[in-house]
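Observations on the model geometry
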Amino acid sequence: MPVQKVNDSSDLDAKVPSHLQRTSITSLTMTSEPSHRCVKATVVHKGPVISCAQKDGIEMLRAEIKEEDPLQRTAEHTSINVIFFGTLAKDFSQSARQGDVVLLADFTIKKSPSFLRDKLHPCQLEMDGKDACVYVCPSAAPSHGPSSSEAKYTYVPLNDLKPKTVVNVYGVVTFFKQPFPSKGSDFCSTLKITDQSDVKVGCNIFSKKLEDHPVIFRVGDIIRLHRFKADMFRDSMSLLNTFGWSTVTFDGTIDSPVVPRTSSKSFHFGESDIRTVQELRQWAANQSWISKDLTVSLSLVKPGMYFDLTCQLLAKAVMDSRCILLKVWDGTKCQHPLLKVAVASDALEGESTVAKDRMNLTANVLVYDNHLEVARDLKPGTFLQLYNLHALLQRAPDQQPDQPDHLSFHLHGGTSYGRGLRSLPVESPALQSLKSVLEKHVDLDEYDEVNDGTLLEIWYTPPEAVEADTGPSYTVLTCEHNTRRLTLARVKHSTPPLSCHVQARVKKYMPQQLYQCLKLFCSNCKTMEDVPDDSAVAKIFRESAKDNQACDEQWAATSTASSREPGRTISMHISRDMVGESTHMQLIFVEGTTLDEICVLSRDYKNLVPVRSVNGRMTLMDLTAPFLFSGDKRCYGCKQCSVNTFQNPVFTGVETWDEQAVAKALGVQLMQYRLLIQFELEDQTDTLEAVLWENAERFFHVSAVDASGSQDLQDKIQTIMDTIQPPDSSLEERPLLDLCLSVYTVKDNNRNKVCYQITNTEIKEE
Ligand SMILES: [Zn+2]
Ligand SMILES: [Zn+2]
C-alpha cells in the first residue's frame, strides 16, 4: 500500500524506514540525488484527481506541500509542488487532507513548469514509480475538541505571499470599508491588513450574504482569513476570497478576551489562534499607524474634522427619502454649541433628548444616501460606531448674529475613507470606557422625567421679536412639532432639512387666475401639466369628427345616428362581451361628436370614451383631450406613460366601471388632479416663496378632482384666497397665517436648491 496513515506526527519519524534520509525542501535542486531521500511537510493545497491526456489518460493529482520548520521561516522555496500519478493519485486523494503532515519517499525531481508563474520552487516532485510511498499523519481527528485542530491550518506571513496561491493568513486591520453593494447582487468588503513583517496587503471580499462578511469595528482589529487567493493587482499583492473561504475577527485591544467574531458555526479556533491574536495585538500596539484609529470623543471634535465616533443612539427620525437623523451621545460635552434639528415628536423614535440637549450632550447626525439602509434598522439604545463623520459649522435657525455657529454632523453618501456606520455589540471591549462615562449621567434621565415640561417651555418660548407679530391666525396647524416659531429671515438662514413654524402674511400668490392652480399630475413620471382649456379640447373634437367614417370592430356592437350637421354621423359602440351583462351601459365608446355634444351625453351615461376611426379601426383621441368623461369629471391620460393598446381590449370581469378600471382596460396612465399655488410670504424680517402642493387639498378642505368638475368648489377656493389676500388691500390689512414649513433641498441642474413647502396647515373653518 503506497499511502500509509499514522496517528501522530512523531510516529512519522519513527515509521520512516531507516534507509531513507530526510532532506529539506529548500535544499532540493535538479541535481539532487533523489533515491533514498524523503521530505516531511504539510499539505497546503490538494487538487482534484484528473486524467492526463499527455500520459495516455493516466490519473494524476497535484498538491502543494510546505515545510514547517520554524528556523526556515525566512528561507526561500519552502513550498513545492508534488504530482501523484496512477493509483497513488487516487489513494492520496482519499487519504490526505489539506493541513495533514505528509512524508514522501522515493520521488523523482523534475523541473517545475510553473515556477515562473507560481514562484514556489524551481523543482517539483513526482510520485510515480513502484518504490514511491507516502505516509500521512492527519492534522486532527474530527472527534477531538477545537484545540486539537491546531495543526490543521498553516498561516503564511504577509511578506511570503506568492501570486496565484491559495493561503490562510492572519493580519491586523489598518483600513476597512463596511460591506457595500457591488456589481451584481454581491456585497464587497475592502480592507488592508498587515502583520509583523510590516507588509501591507489589500483584501477584497465578495459575497451575497452580508452576514458572511467580516465583522470589523475599528482599525487595529485582528482578522483571520482562510482560503484566500493571493495575486498581484496593480503592482501589489492582494487577497481575494475563493471557494470555501471564511473570516474570523477579534478585537485588537491588548488584554481584552480573545472572542472570535464570525457568523460561521463551524470554525476552528484553538490555543494557537489565541497566541497569534495576542502576539499581533502586542506588536500592533507599538506601531505608528495604529493611531490611524480616528475615534474621537465629542469633547475633542473640532469644526471641519472628519472622525470616527463611538456613541449610543438616543433617538432617530426619518427626515426625507434620502436623510435620516440620528440623535446620539457619548457622554462627553462638546466644546462648540451643537446644532439642534427640529422634528415632529411623532416622527421621533426613541427617548426625549431635551435634558441632554440642554447640556450640549446630544449630537445630531444627518445620515445620507447609501447609509440609510443600515440607519433605518437601528433601534434607540444601540451602541454605534460612525466612520468618517464630518463635523460642520452651521448657523442655527434661531441664532442671534453675535452667537457662535453650531456644530452639526453629516455622514455623507459614498464609502470613501471607509465612511459608514455599524452597531456594536454591548460586550464589545471598545465600549467599556464609553459605558462608564454614560453611567455618570444616570441622573439626567430622572431630570428628564421631572422637568421635561418646564424645560420644553423654557426651550420653546418664542423670542420677543416674533411675539410682537402674534395675533389671531386665519389658519390652524395640524402637526405636533415641538418647534418654536421662527422669523422668515431665520428660516432663510437655516440649513435643510428642517420643519419649522412661521407666522406671516401673503404678499402675492400665483397663479392669479385660480382655475390655473388645478394641475394634472402623473404619479408615474412626475409630469405636471395645466388642465387644457375648453377651446383646445373642442378643436380636437371638431377635427376628429370631420370626415369621420364609423369604425368597424369585431368586439364592438355599434348604433349610429345622424347629427344636425349634414354628413356627420354619431356612433356609439359597446363591447360585445358586455352585451347582456348588467354593466353594458356603464362603458360606451362615442365617435363623431363635438365637445358640447359629449358633455350633454355624459349627463345620461356613466363613462363615455371619445374615439375616432383610423382606417376603420377604433383609436383613442389625442391624449390632450380627456380620454374619459365620467359624469362631471374629465379624466386625462399621461402622454408619456400611456401605452394605448386598443387592438383587442378585454372588458370582462369588471363589476363596476370607474376611471381606474377604464384607464386600465385602455392602457392609459391616469393623471391625477392636484392643486398648486405659490405664495410669497412676508413678515417683519423678510419675504420667502413657499409652495402649497402636497398639503393643498387639506389646506382648502377641497378635493382637487371634485373641484375640477364643480364651479361651487372653485368658487370656495377663490373666496378663501380673497380672504387671505383681499384685492386692493395693504399688507397690514391681510390676516396673519400660522404656517408649518418644510425646508428641503432638490437637485436642480446638478445644483442643490432650497425649497419651502407649506405643510400641516389648514384654513380655519367657521
Ligand atoms: Zn407619466
Ligand atoms: Zn409643524
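The structure reproduced in this document is the subject of the present report. (Residues numbered from 1 in each chain as written. Chains lettered and ligands numbered in written order. Predicted model: local features only at pLDDT ≥ 70, side-chain atom pairs only at ≥ 80, totals over all residues. Heavy atoms only, no water.)

Tallying secondary structure elements over the protein gives 16 helices and 38 strands in all. The proportion of buried residues among the 766 residues of the protein is 50%. Within the protein, contacts between residues separated by at least 24 positions form 65% of all contacts whose residues are at least 6 apart in sequence. (Helix = DSSP H or I, 4+ residues; strand = E, 2+ residues; numbered from the N terminus. Buried < 20%, exposed > 50% of the residue type's maximum accessible area, 1.4 Å probe, protein only. Contact = heavy atoms within 4.5 Å.)

Attention now goes to the nonpolar core. One finds Val491, Phe679, Phe700, Met721 and Ile724 to be the most contacted residues of the largest nonpolar core, which totals 58 residues. Among the elements that make up this core, the one with the highest residue count is strand E23 (residues 498-510) (six residues). The residues touching phenylalanine 679, leaving out its near neighbours within four places in the chain, are Val506, Lys508, Tyr509, Leu688, Glu689, Ala690, Leu692, Met721 and Ile758. (Core = buried A, V, L, I, M, F, W, Y, C linked by side-chain atoms within 4.5 Å.)

Glancing now at the coordination of the zinc ion (ligand 1). The protein atoms that coordinate the zinc ion (ligand 1) are Cys522 (SG), Cys525 (SG), Cys638 (SG) and Cys641 (SG), at distances of 2.2 to 2.3 Å. Coordination geometry of the zinc ion (ligand 1): the four donor atoms subtend angles of 103 to 116° at the metal centre, consistent with an arrangement described as tetrahedral. All donor residues of the zinc ion (ligand 1) come from one chain, and their arrangement in sequence is C-x2-C-x112-C-x2-C. Accessibility expressed as a relative area gives 29% for cysteine 525, which makes it partly exposed. (Donors = N, O, S within 2.8 Å, 3.2 Å for Na, K, Ca; no water. Tetrahedral: all angles 85-135°; square planar, octahedral: opposite > 155°, others 65-115°.)

Looking now at the pattern of salt bridges. Evaluation of the coordinates by the stated rule reveals 18 salt bridges. Notably, a salt bridge pairs arginine 261 with aspartate 221, separated by 2.6 Å at the nearest N-O pair. Of this pair, arginine 261 sits in the loop between strand E14 (236-250) and helix H4 (271-285) while aspartate 221 sits in the loop between strand E12 (200-207) and strand E13 (222-233), and the two are 40 residues apart along the sequence. Aspartate 221 shares its class with arginine 261; the two are buried. In this structure, arginine 634 engages aspartate 534 in a salt bridge whose closest nitrogen and oxygen atoms are separated by 2.8 Å. (Salt bridge = Lys/Arg side-chain N within 4 Å of Asp/Glu carboxyl O.)

The next point concerns the environment of histidine 481. Mapped onto the secondary structure, histidine 481 falls in the loop between strand E22 (475-477) and helix H10 (488-493). Under the relative-accessibility criterion, histidine 481 is labelled buried at 13%. The spacing of histidine 481 and histidine 501 is 20 residues in sequence and 8.4 Å in space, taken between C-alpha atoms. Leave out the neighbours within four places in its chain, and histidine 481 touches Val343, Ala344, Ser499, His501, Cys740 and Asn760.

A few words now on the sheet that holds strand E24 (residues 518-521). Strand order in this open sheet of three strands is E25-E24-E33, and the pairing throughout is antiparallel. The sheet is open, and its two borders are formed by strand E25 (528-530) and strand E33 (672-675), each paired with just one other strand. Sheet twist, expressed as the mean angle between neighbouring strand axes with direction ignored, is 40°. Bridge count between E24 and E25: three bridges; the pairing is antiparallel. Opposite leucine 520, over in E25, you have glutamate 529 as the bridge partner. (Pairing = 2+ DSSP bridges. Axes fitted to C-alpha atoms, helices over the stretch in contact; angles between N-to-C directions.)

This part is about the sheet that holds strand E10 (residues 165-181). A barrel is described by the order of its strands in space; here five strands give the closed sequence E10-E11-E12-E14-E13, paired in mixed fashion. The average angle at which neighbouring strand axes cross in this sheet is 50°, direction not considered. Where E13 meets E14, eleven bridges bridge the pair, whose relative direction is antiparallel. Note that in E14 the partner of alanine 230 across the bridge is leucine 239. Helix-sheet contacts for H4 involve E10, strand E11 (187-194), E13 and E14, and the interaxial angle to E10 is about 60°.

What follows concerns the pairing of strand E18 (residues 363-368). Counting buried positions along E18 yields six of six residues, so the element is predominantly enclosed. Across the two faces of E18 the burial is the same, with Ala363, Val365 and Val367 and Asn364, Leu366 and Tyr368 all buried. Relative to E18, strand E16 (residues 323-329) runs antiparallel, the two being bridged by six bridges. Across the sheet, residue isoleucine 324 finds its bridge partner in E18, namely valine 367. When E18 meets strand E20 (residues 406-411), the two strands line up parallel, connected through three bridges. Bridge pairing in E20 links leucine 366 to histidine 410.

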